[in-house]
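Tertiary structure, described
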Amino acid sequence: MSLSLVAPLALGLLALVALPIIAHIARQKPKERVPFGAMLLLERVQKRLRRRRRIKDPLLLLLRLLMVALVALAISGLQWSYQGGTPQFGGTGRVIILIDQSMSMSLADGGRTLLEVAKSEADQVLEAIPDGTLVGAIVFGDEAELLSEGLVRDSSRIRSRIAALGPTLGKSNLRSGLLEARRMLEGEPGEIYLFSDEAGPTMVPEASEELRRIVSGGSAVIPKQIRANPPRNIAVADASFGTGVEGGTIDVRVSNYGPEPLEVPCEVTFPDGQSIPFFADLPPEGEIVERLTVPRAADGGVGKAHCEDVDLAADNERFFHLPRVGASSVLVVDGDPGDTPIRSEVYFLERALAPWGDRRGAVRPEVVGAAGLLSLNPERHQVVFLANVSDPRPYTPAITEFVRQGGALVVSMGTNVDPERYNTSMSHLLPASIRRVEDLAARGEMGVPLEVPGTDIELFEPFTRSGRSAFQEVRSRRLAMLQPYQDSAEVSTLLRYSGGAPALVQRTVGQGTVLLWTSSVDYDWSSLPTQAVFMPLVQRVVGYLGADSGGSAGTFDGVVGRSVAIPLPDLTVQPSVTGPDGNAVPTRLEGSTLVFTPNRPGAYSVSVEALPTIAWVAANLDASESDVRTYDDFARSEAEIKPDLFTRVVDLSPYLWAGALLLMFGIVLLGLPVLSSRSEEEAA
Amino acid sequence: MSRSAQPIWSPEVLGRVRRLHLVARVLTNALLQGEHRSQRVGSAIEFADYQPYLPGMDLRHLDWKVMGRSDALVVKRFETETQIPTTIVLDLSKDLATGAHGGRSSWWRRSGALPGELPDLEQTKAGFAIQLAATLAYFFQLHGEPVGLEIVAGDSSGVTSLPPRSGRHALQRIFLALAAVKPDGQADLRAALTRVGERMRRRSLVMVISDGMEEPSGWVPSMQAFARRKADIRFVHLYEPSEWGLDFDRAVRLFSPEDGVELALDPAAARDVIRDIAREYVAEVRLGIAAYGGLYCLTPCFVGDEQRRQLALEYAARRVILGMSTGADVDPFDAMADGAAP
C-alpha cells in the first residue's frame, strides 16, 4: 500500500498553507487604529466572544490549512496504490474456466461439495461474460481434460459439460491444467479463472513454473478460491504391518486436518475377515498413530483400516499388505500310519511340530495319508513332510508345482521307501539319487553318530555351541545311501554322519526348497526322535523353510489413478487383475511387465485362472490430497511473479476536491469574524 | 468647593462662550415656546393667575369651579416660593472626545486629541455635553434658580467646581468654564459623584451628564450620596449611536483614549453581540438610577449629523427639565433606525 503523485512538482503548492497562517496573523492586526469611546461595551463583547473564539479560531485556521493542503494534493494527482486480492486484469476477450476436480473438492461444506460450489460459480462467470468473448474450459484432477475444443464463442455447451462434472479421486495436478490453458490461449493474452480449493502442500508450488510462463505471456490467472469454512477432514493416512509380539503389529496413522479435536471410531479388518475396532482421539490439525496387535493366526493378503468421517468419505480407508502370520500350515504325509498312534511314522514329528497343540503353536500340522497330498494348497501350506511314503509318483506333479511356487518339501526315509520309485519320479526334486538302504549297525547297537553341524550353515545358526554338540548324541543304525553328488549352488549338504555319509541334504528347486533326511523320523532307523535336539531341529527346519511367512504371492503398492507395474513370473499365459469389486481390471503387457491403473482404492489380485494369486496390489489414494488445508495462496504466488497485476490504483483527486469543498463550506460557516484583544503594553 | 486662580481667557475661549450663549439662548427659546413652558413643582407654591387650557397641559391644574361657572377651560398658574439650587455634573473624560464612528471625526483626525486642544462642539460627544450643560444652565438661570457646575475629569483650565449661584455673573462663569474645558483623563465617576454628593445642599436638583462608560456596579451606588440629601437626580446618559453600533466598514483597531486599552475588531462579528450588550448595559444603568429615585434620560448625540444633533439636544434638554424618564421599552438602536431620539 503506497501513495504516489502524478505531478509531484505541484506539491509545491503546499507552500500556500502559509497563506491562511499569514491571513490569520494579519487579521489580528488591522492597520487602522481608531479611538473609541465605548470601550466598556467592547470589553463586555470581548468576554462574550472569547469563549467562542478559543474554539473557533484554531479550528478555522486548521480548516483553512487543510483545505489548502487538500487542494495542493488534488492538483498533484495523489494516488493510492495497494495490493488487491485478485489480479486487476480484463478486457482480453479470451476467458478460460479452469476447475479443480481433485478428491479434496469432494469435501462437503454446508450441504454441498466444493466441486458443486465451483461448478455453480463457474457457471455464473460464464453467464456474465459479454457476448463475443472467446471461452474455453478445462478440468483437472490427476490429469487435465479439455471441456471445449479450444476457445469458442458459444459457452452453452461448456456450461452443460461443467454441470455434468462429477467428483474424482485424483490429485490436484494444477500444473497440467495450467499447461492446457496456456496451449488453449495459443500465445495470446487471456484470463484464466481458476476454481480450486488450493488444498495440499504441493499443489501451488508444483504449478509455479507453469504459472510463471502464463503470466510472462501476458495472461493472468484469477483465483476463485472455493474453500470450506473451516476445512475439516479426517483421513487414514497410512497403515502398515510390522513384526512384534503375538502375530505382529499394524500401525494405523490417522490425521485430523480440521481445527477441532475429534474422537472417531475406526476399525482394522484383516484379509481373513477378522477385525479390530478402536477409537482414534485426534488433536486439532494433528495425527495419531494407533498400534494394533495382529492375532497369532491370520491369513496373508490385503487388509483395510477404516475411520468414520462425513466431511470427505473417500479417504476414510487405507489398504495394507499383511503377510500370513501366526501358525503355519505344515502338511505331514504319514507313509506308515501304524495301528496305534505311537506306532505311527510321524508320531514324534507331529509332536515336535505342535508340542502345545495346533491352536497355540507357531506351526499347525495337518497329518494326512499319502492321498492327502491331493489337498496340497500352496496358499495354505508352506511345508510338506513326506515321511516314509512308499510311492510318491501319483503326487509328483502337485508336489513339483508346490515346490516351484516356493513351497518346501522335506523327505524322510523309512522301510516303505523304494529308492527306485523315488529316483524315477522325483529325481528333479531330490538333491541326489538314492542308491540303496544300508544298515550301519545291528539292532541293539548304538549306530553311527551325527557330526557337529557347522557354524556357517544358516539352518543351525540359532543353535548354541552346546546345542550343536547335542547332535552327536543322535545315532542312526540305518540310512539311505545316496549316489555321489557335488555340493553346488543348488545342492548343499547341511549335516553328515561321522564317517562322511550325508544326513541332511538341501536342493533349491525354482522358488522352493527340498530337504532330504537320509534316515527315518521315527525310532526305527535313528535315535533322533528321542534326542533333545529333535524338536528344536524340526521347528527350526520349518522356520528355515519359510513357513512363518505368507504365501508366495508378491506384494505391490499402488496409487489410485497411477499405473502399477508388476514383473511377471515365467508364465505362458497372461494373468488377469481382479479389482476390489470382483470385476476384471483392464491391463496391458509391457514386455514382461503387467501394467494396470487402479481406479479406486482396495485390494487388486493378479492371478492366472484356476491357479493361486500371483500378486496382491494394495491401492490407496494419494495421501497429500486428504490435506484440505491451504498451504500456499495461489494469488500470493502470482503476485510474487508479477506484482503489477494485483496493484490497485485509486485516484484520490476527486475525493480531495470534495474534501476541500466541504472544508470550504465549513470555513464559511465558521468563518465569522473574531475579536481579539491586546493591550497597548502587550503590543509594545 | 474649589476655585482656582482667575484664568486669562483666550479669544478662542471667549468665542466659544459667545457661541455657547447663542446655542443656549436659542434652545431655551425653543423650550419656552408653545405649551411646554417649564413649571417645576416646589414644596411650597402660590397661585399666580389663570391661563386658557391648551392641549398638553396638566389636567390636575384645571380649575373645575371656573369651568362649572363659565364653561371655560382654564388652568391655574403658580409661582414657587423658594429657589432650588441646581448643580450640573458634567463628565468630560477623554472618551467623550470621540464622536461619530468613534474617533473617525474630522476633528479627531485633525487634532489627534492633542493635549490643549479644545473639543469641537459639533464633532464630539464632549461638545454635545457642553452645549447641553450650557443650555440647562441658561434655562435655570433664566428662571432665577441658582446654578452650579461640577466638571468631572476634563481639563477646565483650573475651574472644576462652581457652586450654585444666581445671576448673570454666575452664568458667565459657567459659560467660561464650559468654553475652556478640554476632555481629558479618566472620570472615576464613583469618586466624583460621591464627592459632589457629599458637599451638595439638601433638596437640590442635580443633573449628571455623562457617557457612563465605567462599570455601573462601581459608580451607580454613589448616587446614594445624592439620595441621602433628598436631591432630585436627573441622569443624562450620552451615547453616540454610530459608535455603539460599530458602524465601521472594515476591521479596525480600537483604543480607549482614556486608558489606552486596545481591541482589534472585526465589526461584522461583534455587531450583533454589542447590540445585546448595549441593551443590557442601558437597562442596568436605568434600573440603578431608578433605584435611587433618579430620572434616567438616554440621549443620543448624533455627532456629525447637525440636524439630528440639534433635535437630540433640544429633546434631551426638554426631557431633563420636564423630568421625563426614558422608558424600559426604549431601544437605543431603534432610535438610530428611525432617526428619532429615544
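Residues take numbers from 1 onward in each chain, read along the sequence in its written order. Labels are handed out in written order, letters beginning with A for the chains and numbers beginning with 1 for the ligands. Thresholds applied to this predicted model are a pLDDT of at least 70 for local features of residues and 80 or more for the giving and counting of side-chain atom pairs; totals over whole chains, interfaces and linings are not thresholded and use all residues.

This next bit is on the overall build of chain B. Strands here mean DSSP runs of E at least two residues long; helices mean DSSP runs of H or I at least four residues long; both are numbered from the N terminus. For chain B, the count of helices and strands is 12 helices and 10 strands. Relative to its full complement of 342 residues, chain B shows a buried share of 47%. It is the C-beta atoms, placed from the backbone, that decide contacts: two residues are in contact if theirs lie within 7 Å. Restricting the contact set of chain B to residue pairs at least 6 apart, pairs at least 24 apart contribute 78%. Labels follow a simple rule on C-beta atoms placed from the backbone: if 20 or more others lie within 10 Å of a residue's own, it is buried; if 12 or fewer, it is exposed; otherwise it is partly exposed.

What follows is about the sheet that holds strand β29 (residues 554–559) of chain A. Sheet strands line up and pair through hydrogen bonds in the backbone, either parallel or antiparallel. All names here are of chain A. Paired strands, as defined in this entry, are two strands with at least two bridges between them according to DSSP. With mixed pairing, 5 strands are arranged side by side in an open sheet as β29-β36-β35-β31-β32. The sheet terminates laterally at β29 and β32 (584–585), the two strands that pair on one side only. The pairing of strand β35 (residues 602–607) with strand β36 (residues 613–620) spans 6 bridges and is antiparallel. The residue bridging Tyr604 from the neighbouring strand is Val617, located in β36.

Residues and elements named next belong to chain A. The buried count for strand β28 (residues 512–517) comes to 5 of 6 residues, which makes it a mostly enclosed element. Bridge analysis of strand β21 (residues 408–412) against β28 gives 5 bridges, and the strand direction is parallel. For Leu409, the partnering residue across the bridge sits in β28 and is Val514. Where strand β27 (residues 502–509) meets β28, 6 bridges bridge the pair, whose relative direction is antiparallel.

We now examine the sheet that holds strand β30 (residues 564–567) of chain A. All names here are of chain A. Read from one edge to the other, the open sheet built from 3 strands follows the order β30-β34-β33, with strand pairing classed as antiparallel. Unpaired on one side and paired on the other, β30 and β33 (587–590) mark the two borders of the sheet. Between one strand axis and the next, the sheet turns by 30° as a mean value, whatever way the strands run. In this sheet, strand β34 (residues 593–596) lies alongside β30 in antiparallel orientation, the contact comprising 4 bridges. By the bridge assignment for β34, Pro567 is matched with Thr593. Working convention: axes come from line fits to C-alpha atoms, limited for helices to the stretch in contact. Angles between N-to-C directions cover 0 to 180 degrees.

Right, let's get into the nonpolar core. Working definition: the nonpolar core is a set of buried Ala, Val, Leu, Ile, Met, Phe, Trp, Tyr and Cys residues, joined through C-beta atoms within 7 Å. Counting 100 residues, the largest nonpolar core has Ala129, Ala133, Ala137 and Ile209 of chain B as the members making the most contacts within it. Element by element, the count of residues in this core is highest for helix α4 (residues 125–142) of chain B, at 12 residues. With sequence-adjacent residues up to four places away left out, Ala137 of chain B is seen in contact with Ile88, Val147, Leu149, Leu171 and Ile174 of chain B. Of all hydrophobic cores here, the second largest spans 89 residues; its members include Leu115, Ala239, Phe270 and Leu282 of chain A.

To estimate how far a helix should reach, multiply one less than its number of residues by 1.5 Å. Between its terminal C-alpha atoms α4 of chain B stretches 25 Å, which fits the 26 Å expected from 18 residues at 1.5 Å a residue. Once α4 of chain B finishes, Gly144 of chain B follows within two positions and takes phi at roughly 80°, a positive value.

Right, let's get into the packing of helix α1 (residues 11–32) of chain B against α4 of chain B. All names here are of chain B. Following both chains from N to C, one finds α1 and α4 inclined at 60°, their axes separated by 8 Å at the closest point. Viewed along their axes, α1 and α4 adopt a mutual orientation that is oblique. When the axes of α1 and α4 are compared, the crossing they make is right-handed. Facing Leu20, Val23, Ala24, Arg25, Leu27, Thr28 and Leu31 of α1, the residues of α4 in contact are Ile130, Gln131, Ala134, Thr135, Tyr138, Phe139 and Leu142. The cut-offs work like this: below 35 degrees is roughly parallel, past 145 is roughly antiparallel, 65 to 115 is roughly perpendicular, and the gaps in between are oblique. Rotating anticlockwise by less than a right angle from the far helix to the near helix defines a left-handed crossing, while the corresponding clockwise rotation defines a right-handed one.

All right, on to helix α3 (residues 114–128) of chain A then. Residue and element names in this part refer to chain A. Taking 1.5 Å of rise per residue, the 15 residues of α3 would be expected to cover 21 Å, and the 21 Å separating its terminal C-alpha atoms lies within 8% of that figure. Within α3, the full set of buried residues consists of Leu114, Leu115, Ala118, Lys119 and Ala122. Buried residues of α3 fall within an arc of 135° about the axis and therefore sit on the same side. Relative to its buried face, α3 has exposed residues pointing more than 90 degrees away, namely Gln124, Glu127 and Ala128. Each element contacted by the buried residues of α3 is listed here: β4 (94–100), β5 (108–109), β6 (112–113), α4 (156–163) and β9 (191–196). Note: the arc covers the axis-to-C-beta directions of the helix.

With that settled, consider the confidence of the model for chain A. Residues and elements named next belong to chain A. Counting all residues, the mean pLDDT for chain A is 85, and 91% of those residues have values of 70 or more. Within a predicted model, pLDDT stands for the predictor's per-residue confidence, ranging from 0 to 100. For residues 548–552, every residue scores under 50 in pLDDT, and the model assigns this stretch 16 contacts once sequence neighbours within four places are set aside. A low-confidence stretch, residues 672–684 (pLDDT under 50), is modelled with 33 contacts involving residues beyond four sequence positions or located in other chains.

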